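This is what each chain is made of:
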Amino acid sequence: VTTVPAVLLLAAVYIYCGYKGYLSREETHIVFILAFFFFGLFRTASSAATCITSEKEALTWPILLTTPLTEKQIAFGKIIGSCIGGWAFWLLLAVHLLVFSLAGVISPAAVLPLILLIASSTLLVSAVGVFFSSCFKRSSISASVNLILFIFFTAPVCCPSPLPTFLVSPLFAAVIILGVTGGWDNIGGPFQQIGSRWGWFGTFLISGLALIVLVAIYLSLALGAFAIAVANIRRRTF
């Protein structure tokens, strides 16, 4: 029921921004991308945090454990299912990137790094949510704890200093990717200054290495959360 009004509202926002000429400005696309990215992650996190506890509360969890599925298959299925749960926002984000990269407003060089960032951070958010869901018996507790950690993970304002913000927040990393690939001095300036003595190659090299490290951290943490969730599946049945 709420889908149609939401689609109409979003269409009205795009029409208004196009009419006012805002779609040619970099900050407009930052807002759109970060909004789709944030709500996609939020939908994934909320779904993952209750995927097991909801079955425990409904007393269907023991039935699932009697199936031939292994602990790894169950946990992996919960993680992938939670990631797919935010499909509407991921679709909107993909369409926005495709349309405006083809239009030349967003640099095509930003698409692949953003895909890596989005995929790795989504897996991390989902795996951590499934981990918390495997630890608790009530959805309210699991969702509350996961929500607090999610806000600290995504919102740069929650970090005590700029360094952890840059190293942790996927939203902040997305802005840096857009700034570096688009040549936006007011956003990608720090990386451009660091790599200035090697020109554009140094800029992309340094920012690319930073992205690889960040993605590796996300995937490593996701793997750790997945491993603990697998161990909890039969240990914390009720």
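Residues numbered from 1 in each chain as written. Predicted model: local features only at pLDDT ≥ 70, side-chain atom pairs only at ≥ 80, totals over all residues. Heavy atoms only, no water.

**What to know about the packing of helix α1 (residues 3–20) against helix α2 (residues 26–49)**
Right, on to step 1. Look at α1 against α2: their axes get within 12 Å of each other, and the N-to-C directions meet at 165 degrees. Put simply, α1 runs roughly antiparallel to α2. For the element pair α1 and α2, the recorded crossing hand is left-handed. Contacts between α1 and α2 involve Leu10, Val13, Tyr14 and Cys17 on the former and, on the latter, Thr28, Phe32 and Phe36.
Right, on to step 2. Residue classes in the contact of α1 with α2 are distributed as six nonpolar, one polar and no charged. (Axes fitted to C-alpha atoms, helices over the stretch in contact; angles between N-to-C directions. Helix = DSSP H or I, 4+ residues; strand = E, 2+ residues; numbered from the N terminus. Parallel < 35°, antiparallel > 145°, perpendicular 65-115°, else oblique. Left-handed = near helix turned anticlockwise from the far one by under 90°. Contact = heavy atoms within 4.5 Å. Nonpolar A, V, L, I, M, F, W, Y, C, P; charged D, E, K, R; others polar.)

**As for the confidence of the model for the protein**
Right, on to step 1. When pLDDT is averaged across the protein, the result is 85; 83% of the residues are at 70 or more.
Right, on to step 2. When pLDDT is averaged over each helix and strand of the protein, the minimum, 52, is found for helix α11 (residues 185–194) and the maximum, 95, for helix α7 (residues 111–135). (pLDDT = per-residue confidence, 0-100.)

**Regarding helix α5 (residues 71–85)**
Right, on to step 1. For α5, with 15 residues, the first-to-last C-alpha span of 21 Å sits near the 21 Å given by 1.5 Å per residue.
Right, on to step 2. All of the buried residues along α5 are Ile74, Ala75, Lys78, Ile79, Ser82 and Cys83. (Expected span 1.5 Å × (residues − 1). Buried < 20%, exposed > 50% of the residue type's maximum accessible area, 1.4 Å probe, protein only.)

**With respect to helix α10 (residues 170–182)**
Right, on to step 1. Taking 1.5 Å per residue, 13 residues should reach 18 Å; α10 reaches 18 Å between its end C-alpha atoms and fits that length.
Right, on to step 2. Taking burial as the measure, the 13 residues of α10 include 11 buried ones, the bulk of the element.
Right, on to step 3. Put simply, Ser169 is the residue that caps the front of α10, since its side-chain oxygen is 3.3 Å from the backbone nitrogen of Leu171. (Polar contact = N/O pair within 3.5 Å; in protein donor to acceptor, adjacent residues only side chain to side chain.)

**Quick notes on the packing of aromatic side chains**
Right, on to step 1. Summed over the entire model, instances satisfying the criterion amount to 13 aromatic pairs.
Right, on to step 2. Seen from their ring centres, Tyr14 and Phe100 are 6.4 Å apart, and the 10 degrees between their planes marks the pair as stacked. Remark: Phe100 occurs in helix α6 (residues 87–102) and Tyr14 occurs in helix α1; sequence separation between them is 86 residues.
Right, on to step 3. Plain terms: the ring middles of Phe38 and Phe39 are 5.4 Å apart, the flat faces sit at 80 degrees to each other, and that makes the pair edge-to-face.
Right, on to step 4. For Phe38, a relative accessible area of 23% puts it in the partly exposed group.
Right, on to step 5. Overall, the relative accessible area of 42% leaves Phe39 in the partly exposed class.
Right, on to step 6. Through pairs of rings, three or more aromatic residues link up here, namely Phe38, Phe39, Phe42, Phe89 and Phe150. (Phe/Tyr/Trp six-rings, centres within 6.5 Å; stacked < 30°, edge-to-face > 60°.)

**Examining the pattern of salt bridges**
Right, on to step 1. Following the criterion strictly, the structure yields two salt bridges and no others.
Right, on to step 2. A salt bridge links Lys78 to Glu55; the nearest nitrogen and oxygen atoms lie 2.3 Å apart. Taken together, the residues Lys78 in helix α5 and Glu55 in helix α3 (residues 53–57) connect sequence positions 23 residues apart.
Right, on to step 3. Look at Lys78 and you get buried, because its relative accessible area is 15%.
Right, on to step 4. Using a relative accessible area of 17% as the deciding quantity, one classes Glu55 as buried. (Salt bridge = Lys/Arg side-chain N within 4 Å of Asp/Glu carboxyl O.)

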